Structures are given as structure tokens and as C-alpha cells.
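Each chain, letter by letter, is given below.
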Amino acid sequence: MMEDVPELLDALADADAARRTARHTSCLRGIRGVPPGDIARVTAELYRADPPRLPRDATDIDRGFGGAFEDGLVAIGLLATAVADAPSHALRLGLDWAERTDDVTTADALGWLILAPSTLMTSSLTEALTRLAGHRRPETRRVAVAMGLGFTPTSVEGPAAAGLREKLGERSIRIVDHAQSDALARVCSRFVSDAAPPVQKALRRVVRAWADDDPRRVVRWASTVKAGLPRMLRDEVRRAKSRERRSS
């Protein structure tokens, strides 16, 4: 499955795409320079050709994640299609990958598509938070925050979602139908004091998505934060209060 990915992606790479990606992505695994649409198309084609199964394909997919930036997104996209059938296997791979992640695009895709559904299915949120929250690398901690996106009914974005779209036959997909507010409160409480910009930016997005579906719980959560909220989160809570008043 993944053995053909480097050749497929190299054929689609170009210097302009590499420069555009490098402006907002720094990845030690390297950047081939493949446009997101082509990453999505390769992911969907690979799924159609041979839908992944775990544990059968775990080693192959894991090896693919260790390739370049774009290879990793394809690997995440393929693993996402197998989470429902083998959530414990997917969780183990996802946590291992999180500790190797050093860019925010990979972090968001990994948290949203892999760790969010696998932790929900296996009741393993505590394990994921314990393992990732104290990591020295902010991008790894961002993976844990990005799980929160998968705990909201926000439509999944990014090229790595192409595998799930292909599997489900839907252009717009969500991990859950309504906000998992208890899980969201735990994630947000764990990272509310983390001052690293990649973490805080992701947390703001999570709180906003949460407030879109359950503003009352966002306001209630904010009242429990004893150390106070960073300014960008205070803005989101004010927005949640306004939504709560309008819905009353």
C-alpha cells in the first residue's frame, strides 16, 4: 500500500508548491511540495485500491508516516479509515506518531482524525492526555488539543480527510453529531495554561467550535478556571455568552 506513495507524490511535486508549504510548515521529515488537492486524491485512490485493515497493515502505514510531510498526511488519511474497526490499534499508532510530530498541520490531522475517535471508542482520553500533555514539543501537545476538534460536530478539513470521505461516500464528514462537552472540558482545562502559541491557537479554535454547539457548557467551563483565561480565550467565552443569551 504505502510502498508506492513516495513515487506517486514525487511525480506530483513541484517547486512552487514546496515554497508555499515551507512558508507555513517546518518539518524535519522533509517537504516534497505536493499541493493539498493532490495529497487528497492520492489518499482516496489508495483507499479505493486496497482499504487498510489493522493489524494487517499497521507496519506498512507506520513506515509511511515516517516519510516526508506529505507521506505522513497520506498515512493519517488511510489510518483514519480503519479506526472504527480497530480503535485500540489506531490509538497506539496515533500516540506514537504524536510523539514524532513537529508541524501543526500533521498535529491537527492526527488529533482530529485518529486520536479523537479512537479515544472515544476506547474510553482512553486520560491515557492520551497523560502521555502527550507534558511533552517538550508544542506540536505534540497540539495533537492532544486537536482531539477537541473531533469532539465537536465541526466538518473535518484538510487533505488527510479524503480517505474517510471516500469510505463514507460523503463530501462533508464529522466525527461526532454533537459536542462531547465532558471530554472537551478536560482537554481545555489541561491546556488552558500552556502558553506555547501553537497550543493556544489550537485551543482557541476548539473553544470556538465547542461554543458553536454548546455555548452554555463553555461558559460553565470558563467559570471553573481558577487561574483565569488568556485573552484570546476570554474573547471566545464572551462570544459563547452572547450565543447563550440569544438561545435563551
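The structure displayed is predicted, hence computed values, not measured ones. (Residues numbered from 1 in each chain as written. Predicted model: local features only at pLDDT ≥ 70, side-chain atom pairs only at ≥ 80, totals over all residues. Heavy atoms only, no water.)

**Description of the overall build of the chain**
So, point 1. Scanning the chain for helices and strands turns up 14 helices and zero strands.
So, point 2. Seen in sequence order, the chain has helices and strands lined up from the N terminus as α-α-α-α-α-α-α-α-α-α-α-α-α-α.
So, point 3. Its C-alpha radius of gyration of 18 Å places the chain within 12% of the 18 Å reference for a compact globule of 248 residues.
So, point 4. In terms of its C-alpha atoms, the chain occupies a principal-axis envelope of roughly 55 × 35 × 35 Å.
So, point 5. Relative to its full complement of 248 residues, the chain shows a buried share of 54%.
So, point 6. Looking at the chain alone, contacts between residues at least 24 apart form 75% of all its contacts between residues at least 6 apart.
So, point 7. With the model as given, the accessible surface of the chain reaches about 11300 Å², and the carbon-plus-sulfur share is 48%.
So, point 8. Across the chain, 39 positive and 34 negative side-chain charges occur, with their mean positions spaced 9 Å apart. (Helix = DSSP H or I, 4+ residues; strand = E, 2+ residues; numbered from the N terminus. Rg over C-alpha atoms; globule rule 2.2 N^0.38 Å. Buried < 20%, exposed > 50% of the residue type's maximum accessible area, 1.4 Å probe, protein only. Contact = heavy atoms within 4.5 Å. Areas by Shrake-Rupley, 256 points an atom, 1.4 Å probe, with all protein chains shown as cover. Lys, Arg positive; Asp, Glu negative; His and termini not counted. Charge placed at Lys NZ, Arg CZ, Asp CG, Glu CD.)

**Regarding the nonpolar core**
So, point 1. Membership of the largest hydrophobic core comes to 80 residues, with the highest contact counts inside it found for Val74, Ile76, Trp97, Leu113, Met147, Phe191 and Trp221.
So, point 2. Apart from the residues within four sequence positions on either side, Trp97 is in contact with Ile61, Asp62, Phe65, Ala75, Ile76, Leu79 and Leu110. (Core = buried A, V, L, I, M, F, W, Y, C linked by side-chain atoms within 4.5 Å.)

**As for the side chain of Glu236**
So, point 1. For Glu236, the position within the fold is in helix α14 (residues 231–247).
So, point 2. Setting aside chain neighbours within four positions, we find Glu236 in contact with Arg204, Val207 and Arg208.

**Side note on the packing of helix α8 (residues 125–132) against helix α9 (residues 138–150)**
So, point 1. Between α8 and α9, whose axes approach to 9 Å, the crossing angle comes to 155°. Here α8 lies roughly antiparallel to α9, going by the angle between them. In this structure, α8 meets α9 at a crossing whose hand is left-handed. For the pair formed by α8 and α9, the contact residues are Leu125, Ala128, Leu129 and Leu132 on the first element and Thr140, Arg141, Val143, Ala144 and Met147 on the second.
So, point 2. By residue class, the composition of the contact of α8 with α9 is seven nonpolar, one polar and one charged. (Axes fitted to C-alpha atoms, helices over the stretch in contact; angles between N-to-C directions. Parallel < 35°, antiparallel > 145°, perpendicular 65-115°, else oblique. Left-handed = near helix turned anticlockwise from the far one by under 90°. Nonpolar A, V, L, I, M, F, W, Y, C, P; charged D, E, K, R; others polar.)

**Quick look at the layout of surface pockets**
So, point 1. Volume-wise, the largest pocket comes out at about 420 Å³.
So, point 2. Residue lining of the largest pocket: 24 residues in total, with Phe69, Leu73, Thr105, Gly158 and Pro159 positioned closest to the centre.
So, point 3. Taken together, the elements giving at least two residues each to the lining of the largest pocket come down to α2 (15–24), α3 (36–49), α5 (69–80) and α7 (104–122).
So, point 4. Grouping the constituent residues of the lining of the largest pocket by class yields 14 nonpolar, five polar and five charged.
So, point 5. Taken as a whole, the second largest pocket spans an internal volume of roughly 230 Å³.
So, point 6. Around the second largest pocket sit 15 residues that line it, and Ala80, Leu164, Leu168, Arg174 and Ile175 are the ones nearest its centre.
So, point 7. Mapped by element, the contributors of at least two residues to the lining of the second largest pocket are α7 and α10 (162–168). (1 Å grid on protein atoms, 1.4 Å probe; cavity = no way out; pocket = protein on both sides within 12 Å on 5 of 7 lines; lining within 4 Å. Points joined across faces, edges and corners; volume = space filled by probe spheres on them.)

Note that every value here comes from positions in space, so none of it alone points to a role or purpose.
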